[in-house]
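Coordinate inspection notes
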Amino acid sequence: MQWKQRVVLWSFVAASLVQQPSPEVRAPGPPPKWEGMLRAVNDIEVCPQVSIVTGSVVGSEDCLKLNVYVPAKTVVRPRAVMVFIHGGAFIVGSGGRFIYGPEFLMKKDVILVTFNYRLGALGFTCLGLKEAPGNAGLKDQIAALKWVRDNISAFGGDPDNVTVFGESAGATSASLLMASNAASGLFKRAILQSGSAISNWAINREPVRVASLVASKLGFHSEDPHELYEFLNKTDYRDLVPVMHGKPEELFFETQLLHLPCVEEIIPGEMSVITDLPWNLIINKKNRVPVVYGTNSREGMFLTAEVDGSVEGRNGKYIVASDLSFSSVEEGMRVSRAAQDYYFGSDRISIERINNITDLYTHLYFEVPSILESELLLNASSEPVFNYIFDYSGERNLLKFRSSRSGGGEKGACHGDELFYLFDAAVLPFRLSDADRAMVDFLTSLWSNFAKYGNPSPAKQPSLVHWEPSHTGQLRFLHIGQVSHMGAMPNPSAYRLWRDIYLRYRKTYYKQPSILQPS
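One structure accompanies this document, and this report is about it.

Calculation rules
- Residues numbered from 1 in each chain as written.
- Predicted model: local features only at pLDDT ≥ 70, side-chain atom pairs only at ≥ 80, totals over all residues.
- Heavy atoms only, no water.
- Helix = DSSP H or I, 4+ residues; strand = E, 2+ residues; numbered from the N terminus.
- Rg over C-alpha atoms; globule rule 2.2 N^0.38 Å.
- Buried < 20%, exposed > 50% of the residue type's maximum accessible area, 1.4 Å probe, protein only.
- Lys, Arg positive; Asp, Glu negative; His and termini not counted.
- Charge placed at Lys NZ, Arg CZ, Asp CG, Glu CD.
- Phe/Tyr/Trp six-rings, centres within 6.5 Å; stacked < 30°, edge-to-face > 60°.
- Axes fitted to C-alpha atoms, helices over the stretch in contact; angles between N-to-C directions.
- Parallel < 35°, antiparallel > 145°, perpendicular 65-115°, else oblique.
- Left-handed = near helix turned anticlockwise from the far one by under 90°.
- Contact = heavy atoms within 4.5 Å.
- Nonpolar A, V, L, I, M, F, W, Y, C, P; charged D, E, K, R; others polar.
- Expected span 1.5 Å × (residues − 1).
- Pairing = 2+ DSSP bridges.
- Core = buried A, V, L, I, M, F, W, Y, C linked by side-chain atoms within 4.5 Å.
- Salt bridge = Lys/Arg side-chain N within 4 Å of Asp/Glu carboxyl O.

Remarks on the overall build of the protein
- Secondary structure summary: the protein contains 15 helices and twelve strands in total.
- A compact globule built from 519 residues would reach a C-alpha radius of gyration of about 24 Å, and the protein, at 22 Å, matches this within 12%.
- Seen through its principal axes, the protein has C-alpha atoms that stretch 70 × 55 × 45 Å.
- Counting all 519 residues of the protein, 59% fall into the buried class.
- In the protein, 51 side chains carry a positive charge and 54 a negative one; their mean positions are 6 Å apart.

Section: the packing of aromatic side chains
- Applying the stated criterion across every chain yields a total of 28 aromatic pairs.
- Their ring planes at 80° and their centres at 6.0 Å tell us that F386 and F450 sit as a pair that is edge-to-face. Pair noted here: F386 is in strand 10 (residues 385-390) and F450 is in helix 14 (residues 434-453), with a separation of 64 residues, a long-range link.
- Taking relative accessible area as the criterion, F450 reaches 0% and is therefore assigned buried.
- With a centroid separation of 6.0 Å and 45° between ring planes, the pair formed by F390 and Y421 is classed as tilted. With F390 in strand 10 and Y421 in helix 13 (residues 419-422), this pair connects stretches of sequence that are 31 residues apart. Comparing F390 with Y421 shows no difference in burial state: the two are buried.
- By way of ring pairs, the aromatic residues W201, F253, Y361, Y365 and F366 are connected into one cluster.

Examining the packing of helix 5 (residues 207-217) against helix 6 (residues 225-233)
- Their axes nearest at 10 Å, the elements helix 5 and helix 6 cross at an angle of 40°. The orientation of helix 5 relative to helix 6 falls into the category oblique. Classified by chirality, the crossing of helix 6 by helix 5 is left-handed. Contact residues: helix 5 offers V208, A211, S212 and A215, while helix 6 offers P225, L228 and F231.
- Among the residues forming the contact of helix 5 with helix 6, the class breakdown is six nonpolar, one polar and no charged.

A closer look at helix 10 (residues 329-344)
- Here helix 10 spans 21 Å end to end across 16 residues, near enough to the 22 Å set by a 1.5 Å rise per residue.
- For helix 10, every residue scored as buried is listed here: V329, E331, G332, V335, S336, A339, Q340, Y343 and F344.
- Where helix 10 is buried, its residues meet helix 11 (354-380) and helix 15 (492-505).

Comments concerning the pairing of strand 10
- By the criterion of burial, strand 10 is predominantly enclosed, with six of the six residues buried.
- Residues V385, N387 and I389 line one face of strand 10 and the alternating positions F386, Y388 and F390 line the opposite face, and both faces are buried.
- Both strand 9 (residues 291-296) and strand 10 contribute to a ladder of six bridges, which runs parallel. In the sheet register, G294 faces strand 10, and the bridge partner there is Y388.

A few points about the nonpolar core
- If you look at the biggest cluster of nonpolar residues, it comprises 107 residues, and the most contacted ones within it are V113, V148, M178, F187, W498 and I501.
- Of all the elements, helix 11 adds the most residues to this core, at 13 residues.
- Residue contacts for V113: discarding those within four places in its chain leaves L66, N67, V68, V81, M82, V83, F84, V148 and I152.

Comments concerning the side chain of Q141
- Tracing the sequence through the fold places Q141 in helix 3 (residues 136-151).
- Judged by its relative accessible area of 0%, Q141 falls in the buried class.
- Among all residues touching Q141, those that are not within four sequence positions of it are I85, F115, Y117, S173 and L177.

Side note on the pattern of salt bridges
- In the structure shown here, the tally under the stated rule is 19 salt bridges.
- Residue R209 pairs with E250 through a salt bridge whose shortest N-O separation is 2.9 Å. Linking R209 in helix 5 with E250 in the loop between helix 7 (237-240) and helix 8 (278-284), this pair joins segments that are 41 residues apart in sequence.
- Classification of R209 by relative accessible area gives partly exposed; the value is 27%.
- The exposure class of E250 is partly exposed, given its relative accessible area of 35%.
- Residue R476 pairs with E468 through a salt bridge whose shortest N-O separation is 3.4 Å.
- Take R476: its relative accessible area is 23%, and that puts it in the partly exposed class.
- We classify E468 as partly exposed; its relative accessible area is 29%.
- Ionic contacts of the salt-bridge type, sharing partners, join the residues E206, R209 and E250 into one network.

Structure, rendered in structure tokens:
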């Protein structure tokens, strides 16, 4: 099917903390207007980031732009709209065709919108100040959704039938937008691929300290938010963007990601996206939407690709993160030890147990948070929830091939592998095998059906496997593989372990006393 591309851009108050007339890292402003026809046919440029290919800083601060892809065939009724939020750990990525080519979804007669949002320090510095309140990247996403609401009808799209979907950090973003009142009414449905607002890597729990760590890498030492802002404001973004790692390893098992969404201070006159812990927001949200939740069977391979002997250092420390709260170090050690026993038995954590570490990462970071969030929504809402596990292994499992220590021969799907069956990525230009072509058709049918009808397997398409929604107390999963079928939860014992830990020890309030540290 032929399709047309339109690239659309909007302005913003400021894109970064560099010296400019309006340097605040705040919500974007209104989009520009022009007379006549704007010729917008080029792929969008990335927001400033470190290239995963060259290691150098690439991108432009003039980056808040969208791709709008429309099937060329004329139709009478407005089309359903699918708005994709890219992943990349909140530090890399874009909405461009290198990964997110539209061809596969165009065949399903939907409109696809992809876009950029500010990343890293430029998108997620959170100082609790009017100039840097936090979550600028999420506010860019809301601006993109508002643009779609106000303009997509000019492209033949239905502004009342918008589905937001995303993968990894993009799915976590979509989950946070679902929980936020600031995004209410901007989309009708959501698909969350390998990301959850309640995962331990979704929220920066010490944003001022993180900003201080970033500044210290650049030679400035302070923990005062105003001083940090003044320093970062004068720092060239090309010096700021490469500062990505630097958290010291501590008792808690924290991700090394510096730049994440934060719980914002309420500042008069400023939009606030995240005003409480996501768990609390999800429970209390009034306007809810139908959701597809899912993860891949071997998510953790992506993270264990770079694991080395330093993993031994986790022995004697927690393998849980600081989204949990314990009455004492001893209690925390007891809980952590139970989790470590589950994954490693009497063995020490070591590179020799890499498959066990993969399982830990899969469950802790992706699979269990997705399931727990599904349950929260089912308990608080009457909207349908669909769950899946993607287990397909084909020739387009690019992330598995790149992450594998044994050439990609393992069963299952790595983090991000499903993307290449939804998008015609320029990075994979070779012809589709028959099996992969069938998976592309299967997966894009399910996703586009959900966007069009709220049901991934409508009765009018009996050839598709019937995807049953989950219910309170009875989660049902579509297992997507060489032969797809409905089934039960994939790893019930791991789910029970982490469910019990989180229901008992999760932090219920944002501001709590610091956890006791070993003397």
